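Architecture at a glance
Chain by chain, the residues:
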Amino acid sequence: MTKERLVAFTDAVIAIIMTILVLELHKPEVLTLNALWDLRVEFFAYTLSFFWIGIMWFNMHKGWHDVEKISDKVVWNTLFLLFFSSFFPYMTSLVAQNFENKIAQVFYGIIILLVTTFNIMMYQSLLEIPENKKIEKFIIQRRKWMGYDVIIKMIGLILSITIFPPAMIFSILLNMMLIGLISYLNVKK
């Protein structure tokens, strides 16, 4: 398989996931400002998931630009990353409808952590290919803040399990803002 084919497949799956996210939003029975305000948690969860996936896609796009070769290991790690990402519409809907529910928040966090894990594994498998020296700089820069990324998500998960169920989604918001800011600042360079 070529790099271009895997990138095209990944782009297509991510685009479908992001489209399905909006289809999961409920419509108010009567369209009023109060009815829309009542859906604020759904819009918050949707926005968070959309931009989290978007930031992941942006970083993948930026990193994959310098990829020369892929391996079967890269393909499998990407496939698992996409598999767990495909749960986002379902998990976003579940969290939006059960915002204070520990189980919904924990499952959302587990999906986020599984996607993160396979994202890390995918980049690690790219580094194992000798022809991919150009991407090494990108991955080393990512490692500088990837540890913080995982720590913030784990803290959110622990707080969701123990004392404050919405901590998971708020940790994702914090994390997304930090990663988004880092990505934005790296674009300006």
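Residues numbered from 1 in each chain as written. Predicted model: local features only at pLDDT ≥ 70, side-chain atom pairs only at ≥ 80, totals over all residues. Heavy atoms only, no water.

Turning next to the side chain of Lys153. By secondary structure assignment, the location of Lys153 is in helix H7 (residues 133-162). Since its relative accessible area comes to 1%, Lys153 is described here as buried. Looking at Lys153, its side chain comes within polar contact range of the side chain of Asp149, at 3.0 Å. Filtering out sequence-adjacent residues up to four positions away, Lys153 remains in contact with Trp52, Ile112, Leu113, Thr116, Met168, Ser171, Ile172 and Asn175. (Helix = DSSP H or I, 4+ residues; strand = E, 2+ residues; numbered from the N terminus. Buried < 20%, exposed > 50% of the residue type's maximum accessible area, 1.4 Å probe, protein only. Polar contact = N/O pair within 3.5 Å; in protein donor to acceptor, adjacent residues only side chain to side chain. Contact = heavy atoms within 4.5 Å.)

Averaged over every residue, the pLDDT of the protein is 91; residues scoring 70 or more account for 97%. Within the protein, no element has a lower average pLDDT than helix H8 (residues 167-188), which sits at 81, and none a higher one than helix H4 (residues 72-85), at 97. (pLDDT = per-residue confidence, 0-100.)

Counting 50 residues, the largest nonpolar core has Trp52, Ile53, Trp64, Phe88, Tyr108 and Tyr123 as its most contacted members. Those elements giving two or more residues to this core turn out to be helix H1 (3-23), helix H3 (40-64), H4, helix H5 (88-97), helix H6 (102-127), H7 and H8. Broken down by element, this core gets its largest block of residues, 11 residues, from H6. Filtering out sequence-adjacent residues up to four positions away, Phe88 remains in contact with Ile17, Leu21, Ser49, Trp52, Ile53, Tyr108, Ile111, Ile112 and Val115. (Core = buried A, V, L, I, M, F, W, Y, C linked by side-chain atoms within 4.5 Å.)

Attention now moves to H4. Between the first and last C-alpha of H4 there are 20 Å, a value that for 14 residues agrees with the 20 Å anticipated at 1.5 Å per step. Along H4, the residues that are buried comprise Val74, Val75, Asn77, Thr78, Leu81, Leu82, Phe84 and Ser85. Buried positions along H4 lie against H1, H3, H5 and H6. (Expected span 1.5 Å × (residues − 1).)

Position of Asn175 relative to the elements: it lies in helix H8. Using a relative accessible area of 1% as the deciding quantity, one classes Asn175 as buried. In this structure, the C-alpha to C-alpha distance between Asn175 and Pro165, residues 10 residues apart in sequence, is 17 Å. Beyond its immediate sequence surroundings of up to four residues, Asn175 is in contact with Asp149, Ile152 and Lys153. For Asn175, the side chain forms a polar contact with the side chain of Asp149, separated by 2.9 Å.

Now for a nonpolar patch on the surface. A cluster of nonpolar side chains, Ile151, Ile155, Leu159, Ile163, Phe164 and Phe170, forms an exposed patch at the surface whose accessible area comes to about 570 Å². Element by element, the count of residues in the nonpolar patch is highest for H7, at three residues. Assessed through its relative accessible area of 37%, Phe170 is described here as partly exposed. (Patch = residues over 30% accessible without salt bridge, like charges linked within 9 Å, V, L, I, M, F, W, Y side chains within 5 Å. Areas by Shrake-Rupley, 256 points an atom, 1.4 Å probe, with all protein chains shown as cover. Salt bridge = Lys/Arg side-chain N within 4 Å of Asp/Glu carboxyl O.)

A separate point is the packing of H3 against H7. Their axes nearest at 11 Å, the elements H3 and H7 cross at an angle of 160°. As the angle between them shows, H3 and H7 are arranged roughly antiparallel. The residues of H7 that touch H3, namely those facing Trp52, Asn59, Lys62 and Gly63, are Ile135, Phe138, Arg142, Trp145 and Lys153. Residue composition of the contact of H3 with H7, grouped by class: four nonpolar, two polar and three charged. (Axes fitted to C-alpha atoms, helices over the stretch in contact; angles between N-to-C directions. Parallel < 35°, antiparallel > 145°, perpendicular 65-115°, else oblique. Nonpolar A, V, L, I, M, F, W, Y, C, P; charged D, E, K, R; others polar.)

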